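Per-entry structural report
Read off the chains here:
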Amino acid sequence: MPRMIYDYTKSILERVSFAPDLFVKELKKAVRNLLPHEIEHLRSWLLFFTKEKPELQKCLFVVERN
């Protein structure tokens, strides 16, 4: 079940990646709802996903402080 939540979170983040403010909002929800090891996986995925999206790289502070 938790893996489903992680996958769902990634799909939501991909869908809202056009708007950095929505992206941060969904990222904060993800940090509240995911388990610590899932947040680590999410952090790795975010580094890969935002590599080509400089407007989203500044949003990574949400997962860096946890």
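What this report covers is the structure whose coordinates are included nearby. It should be emphasised that the depicted structure is a prediction, and the values quoted were computed from it without experimental measurement. (Residues numbered from 1 in each chain as written. Predicted model: local features only at pLDDT ≥ 70, side-chain atom pairs only at ≥ 80, totals over all residues. Heavy atoms only, no water.)

As for helix 2 (residues 20-33)
Spacing of three or four residues puts side chains on the same side of an α-helix, whose turn is 3.6 residues. Its 14 residues give helix 2 an end-to-end C-alpha distance of 20 Å, which sits within 8% of 20 Å, the value for a rise of 1.5 Å per residue. When we look at burial in helix 2, the residues that qualify are Phe 23, Val 24, Glu 26, Leu 27, Ala 30 and Val 31. (Helix = DSSP H or I, 4+ residues; strand = E, 2+ residues; numbered from the N terminus. Expected span 1.5 Å × (residues − 1). Buried < 20%, exposed > 50% of the residue type's maximum accessible area, 1.4 Å probe, protein only.)

Thoughts on the nonpolar core
The nonpolar side chains of a soluble globular protein tend to be buried with one another. With 19 residues, the main nonpolar core has Leu 13, Phe 23, Leu 27, Leu 42, Trp 45 and Leu 46 as its most contacted residues. Contacts of Leu 13, omitting those with residues within four sequence positions, involve Phe 23, Glu 26, Leu 27, Leu 42, Trp 45, Leu 46 and Phe 49. (Core = buried A, V, L, I, M, F, W, Y, C linked by side-chain atoms within 4.5 Å. Contact = heavy atoms within 4.5 Å.)

Re the packing of helix 2 against helix 3 (residues 36-49)
Relative to each other, helix 2 and helix 3 sit at 155°, their axes nearing to 11 Å. Here helix 3 runs roughly antiparallel to helix 2, going by the angle between their axes. In the crossing of helix 2 with helix 3, the sense of the turn from one axis to the other is right-handed. Every residue of helix 3 that contacts helix 2 at Phe 23, Leu 27, Ala 30 and Val 31 is listed here: Ile 39, Leu 42, Leu 46 and Phe 49. Its residues placed into classes, the contact of helix 2 with helix 3 shows 8 nonpolar, no polar and no charged. (Axes fitted to C-alpha atoms, helices over the stretch in contact; angles between N-to-C directions. Parallel < 35°, antiparallel > 145°, perpendicular 65-115°, else oblique. Left-handed = near helix turned anticlockwise from the far one by under 90°. Nonpolar A, V, L, I, M, F, W, Y, C, P; charged D, E, K, R; others polar.)

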